[in-house]
Amino acid sequence: MSLGPLLSAPPPIPWHAFAAFAALAIGGAQLALPKGTPSHRMLGYVWAALMLVVAISSFWIRQIRLIGPFGPIHILSILVVVTAPLAVWYAHTHKVAAHRSAMIKLYVFGLVGAGIFTLLPGRIMHAVVFGQ
């Protein structure tokens, strides 16, 4: 395992990946720790911001193209850009079940699911985890 391929990748790939790593860690903590606390609220804002960084930065990563410069992952990015602020709004309006559901789906599909696809051969994260 080596961060070399990631660190030598052109921007915004390293920013995208490090924001995703941070979101993965903070999101996991958010799911495990008590809800409704001031720290949960503060980390939730950080996590939502990281998710937006990951989603928005993906529009400049165009290694897999299906429709012009965009690939299937960009559909997920659009969903994240819409869902992350919506999930925060659900929390503000005390729609706890909707907030919980949206946040869990963002974590599972937007981070874990999308992250699995970064491990495919030929992708930078494949080289990071498994070597060249």
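The rules behind each value
Residues numbered from 1 in each chain as written. Predicted model: local features only at pLDDT ≥ 70, side-chain atom pairs only at ≥ 80, totals over all residues. Heavy atoms only, no water. Core = buried A, V, L, I, M, F, W, Y, C linked by side-chain atoms within 4.5 Å. Buried < 20%, exposed > 50% of the residue type's maximum accessible area, 1.4 Å probe, protein only. Helix = DSSP H or I, 4+ residues; strand = E, 2+ residues; numbered from the N terminus. Contact = heavy atoms within 4.5 Å. Axes fitted to C-alpha atoms, helices over the stretch in contact; angles between N-to-C directions. Parallel < 35°, antiparallel > 145°, perpendicular 65-115°, else oblique. Left-handed = near helix turned anticlockwise from the far one by under 90°. Nonpolar A, V, L, I, M, F, W, Y, C, P; charged D, E, K, R; others polar.

Caption draft 1: Molecular detail of the nonpolar core. In this structure, Ala-23, Trp-47, Met-51, Met-103, Leu-106 and Leu-111 are the most contacted members of the largest nonpolar core, which totals 20 residues. Counting only elements with at least two residues in this core, the list comes to helix H2 (13-32), helix H3 (38-57), helix H4 (73-92) and helix H5 (96-117). Of all the elements, H3 adds the most residues to this core, at six residues. If we ignore the near neighbours within four places in the chain, the residues touching Met-103 are Trp-47, Ala-87 and Val-88.

Caption draft 2: The packing of H2 against H3, seen in detail. The contact between H2 and H3 brings their axes to 9 Å, and the two run at 150°. The angle between H2 and H3 falls in the class roughly antiparallel. As H2 packs across H3, the resulting crossing turns out to be left-handed. Contacts from His-16, Ala-19, Ala-20, Ala-22, Ala-23, Ile-26, Gly-27 and Gln-30 in H2 reach Ser-39, His-40, Leu-43, Gly-44, Val-46, Trp-47, Leu-50, Met-51, Val-53, Val-54 and Ser-57 in H3. Each residue belonging to the contact of H2 with H3 can be placed in one class, and the counts come to twelve nonpolar, seven polar and no charged.

Caption draft 3: Expanded view of unusual backbone geometry. The amide bond that connects Pro-11 to the next residue, Pro-12, takes the cis arrangement and shows omega of 10°. One non-glycine residue with positive phi stands out, namely His-94, at about 60°. Considering the arrangement of structural elements, one finds His-94 in the loop between H4 and H5.

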